[in-house]
Amino acid sequence: MTANGIAEIRKSPIAALSPAVSVVVSTYNHASMLASTVRAVMNQDLKGALEMIVCDDASTDGTHALMLELIETARQPLTYIRLARNSGPAIGRNVALEFAQGRFIAFTDSDCIPAPSWLQAALDAFVTDDIGIVQGQTVAELQQVPLFEHHVATSRLEGTFPTANVVYRATAIRGHRFNPECWSRRATWEDADLAWRVQRAGWRAVYASEALVAHKVIPLSPLKWVFWASRYRKWPAISARYPGFRRHLFLGVWIRPLHLLFQLALLGLAFAWRQPITLLLVAPYAVAFARCRGLSGRFPPAKLAAYLAWDSVACVSLLAGSLRYRSVVL
């Protein structure tokens with residue numbers, strides 16, 4: 001084991017010669033999904049050369065055996081790094097970055113499947129020399145998504161820069177690394193922190209809808225799904241450190257219009273005993289709920305209760321985060 005915590009390094013027989021892009025993936029216990037990610041990167045329609053670097057954050061499933069197999073059959077240069085102990089995705093990505101040689105550094109995750117044109121579309125978006133970051137479009141892998149699940153979706157430049165789909169100019173990221181202190185099981189924003197530091201250094205960020213990545217739909221238990229909304233507490237943390245983040249918020253305060261409408265509905269219910277007319281504040285939320293969520297399915301009351309619980313946890317988490325970081329984001 002080396003001083004930086006690396007237990008093992010394996011490389012494919014194909015060497016990386018001046019790659020245009022280095023694709024970085026940090027993975028932990030995703031053996032069942034990782035093969036699809038690696039193969040999708042290996043099959044990119046890219047005009048230049050690429051290399052892929054997978055950092056295994058001390059997985060305890062079949063990741064090690066899988067990667068040894070993939071290395072032998074890799075069509076592109078592939079490096080596998082195994083860490084001696086689990087340290088979180090920020091450390092995994094930082095270790096992988098030390099091996100990256102590309103002029104551009106692309107990040108995706110081991111529960112993602114990039115489209116064949118992903119990298120070329122991202123590189124085509126670097127149209128001027130001051131662009132340091134390209135955020136691509138991320139969608140659910142499935143068209144019909146169940147209620148209790150998790151997936152990353154990015155349809156615009158919304159300020160959080162998830163590593164499911166983001167590409168940096170190597171010169172922009174030079175000297176910058178992911179901050180492990182921005183990662184916890186309840187709030188993960190090391191990806192946003194890195195992107196905002198790069199922008200603060202003078203680089204621009206743009207969005208490229210053609211740079212497409214599909215995110216696996218991860219089933220969750222109803223309880224875990226409801227409390228997944230507690231991760232909204234990262235938004236106040238980002239805005240506290242990087243005030244420019246507020247331009248991505250609705251009216252500079254709310255995550256989305258639905259959050260504002262839910263909070264107005266709560267106010268209407270809270271004061272209805274004194275002023276029944278305040279119940280009218282519930283109507284905009286009810287209309288928006290019907291439009292963006294609906295109540296179709298086998299058990300509409302259960303679906304309604306689940307979403308109300310989700311919105312309540314999100315609201316409480318945002319309030320707690322706003323108080324903790326002294327930056328109001330609702």
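Above this text you will find the structure in question.
Residues numbered from 1 in each chain as written. Predicted model: local features only at pLDDT ≥ 70, side-chain atom pairs only at ≥ 80, totals over all residues. Heavy atoms only, no water.

Colleague: Break down the side chain of Q44 for me, citing the residues and quoting the values.
Modeller: Summarising the element assignment, Q44 is placed in the loop between helix 1 (31-42) and strand 3 (50-56). Classification of Q44 by relative accessible area gives buried; the value is 7%. Only 3.4 Å separates the side chain of Q44 from the backbone nitrogen of W118, close enough to count as a polar contact. Other than its neighbours up to four places away in sequence, Q44 contacts L50, P114, A115, P116, S117, W118 and L119. (Helix = DSSP H or I, 4+ residues; strand = E, 2+ residues; numbered from the N terminus. Buried < 20%, exposed > 50% of the residue type's maximum accessible area, 1.4 Å probe, protein only. Polar contact = N/O pair within 3.5 Å; in protein donor to acceptor, adjacent residues only side chain to side chain. Contact = heavy atoms within 4.5 Å.)

Colleague: Describe the pattern of salt bridges, and please don't skip the residues or the numbers.
Modeller: For the structure shown, the criterion picks out 10 salt bridges. Of the charged contacts in the structure, one is a salt bridge between E141 and K216, with a shortest N-O distance of 3.5 Å. With E141 in the loop between strand 7 (131-140) and strand 8 (149-150) and K216 in the loop between strand 10 (204-215) and strand 11 (218-219), this pair connects stretches of sequence that are 75 residues apart. With a shortest N-O distance of 2.9 Å, D193 and R197 are connected by a salt bridge. With D193 and R197 both in helix 6 (residues 190-200) and 4 residues apart, the pair spans about one turn of that helix. (Salt bridge = Lys/Arg side-chain N within 4 Å of Asp/Glu carboxyl O.)

Colleague: Explain helix 11 (residues 300-325) to me, and be specific about the residues and the numbers.
Modeller: Along an α-helix, a turn takes 3.6 residues, which lines up residues three or four apart on a common side. In this model, helix 11 (26 residues) spans 37 Å end to end at C-alpha, consistent with the 38 Å of a helix rising 1.5 Å per residue. What helix 11 keeps buried is the set K303, A306, Y307, W310, D311, V313, A314, C315, S317, L318, G321 and S322. Along its buried surface, helix 11 packs onto helix 7 (222-228), helix 8 (234-241), helix 9 (257-270) and helix 10 (282-292). Count one or two residues on from helix 11 and you reach R326, which has phi positive near 55°. (Expected span 1.5 Å × (residues − 1).)

Colleague: Tell me about the sheet that holds strand 2 (residues 21-27), and please be specific about residues and values.
Modeller: Judged by pairing direction, the sheet is mixed, and its 9 strands sit side by side in the order 1-4-3-2-5-9-7-10-6 without closing on themselves. The open sheet has two edge strands with one neighbour each: strand 1 (6-11) and strand 6 (112-114). Neighbour-to-neighbour, the strand axes of this sheet turn through a mean angle of 25°, independent of strand direction. In this structure, strand 2 lies alongside strand 3, joined through 7 bridges in parallel fashion. Bridge pairing links S26 to C55 in strand 3. Strands strand 2, strand 3, strand 4 (78-83) and strand 6 of the sheet are contacted by helix 1, whose axis makes an angle of about 165° with strand 3. (Pairing = 2+ DSSP bridges. Axes fitted to C-alpha atoms, helices over the stretch in contact; angles between N-to-C directions.)

Colleague: Any chance you could break down helix 8 for me, citing the residues and the numbers?
Modeller: Where burial is concerned, most of helix 8 is hidden: 6 out of the 8 residues are buried. Looking at helix 8, one finds that the buried residues are K234, W235, P236, A237, I238 and S239. For helix 8, the elements touching its buried residues are helix 6 and helix 11.

Colleague: Quick one: what's the story with the pairing of strand 5 (residues 104-107), residue by residue and with numbers?
Modeller: A two-sided burial pattern is seen for strand 5, the buried positions comprising F104 and A106 on one face and I105 and F107 on the other. The sheet contact formed by strand 2 and strand 5 spans 4 bridges and is parallel. In the strand pairing of strand 5, S22 is matched with I105. Two elements, strand 5 and strand 9 (residues 166-169), share 4 bridges in a ladder whose sense is antiparallel. Bridge pairing in strand 9 links I105 to Y168.

Colleague: If you had to explain the pairing of strand 7 to someone new, which residues and values would you point to?
Modeller: Across the 10 residues that make up strand 7, a large majority, 8, are buried. Here 9 bridges tie strand 7 to strand 10, and the two strands are oriented parallel to one another. Bridge assignment links Q135 to a residue of strand 10, and that residue is Y207. Pairing of strand 7 with strand 9, which is carried by 3 bridges, proceeds in the antiparallel orientation. Among the inter-strand pairings, I133 is bridged to a residue of strand 9, identified as Y168.

Colleague: Before we move on, can you summarise the packing of helix 1 against helix 2 (residues 63-73) with the specific residues and values?
Modeller: Between helix 1 and helix 2, the least distance of the axes is 9 Å, while the angle of their chain directions is 25°. Comparing their axes, helix 2 and helix 1 come out roughly parallel. Handedness of the helix 1/helix 2 crossing: right-handed. From helix 1, A31, L34, A35, V38 and R39 reach across to helix 2, where they touch T63, L66, M67 and L70. The residue makeup of the contact of helix 1 with helix 2, split by class, is 7 nonpolar, 1 polar and 1 charged. (Parallel < 35°, antiparallel > 145°, perpendicular 65-115°, else oblique. Left-handed = near helix turned anticlockwise from the far one by under 90°. Nonpolar A, V, L, I, M, F, W, Y, C, P; charged D, E, K, R; others polar.)

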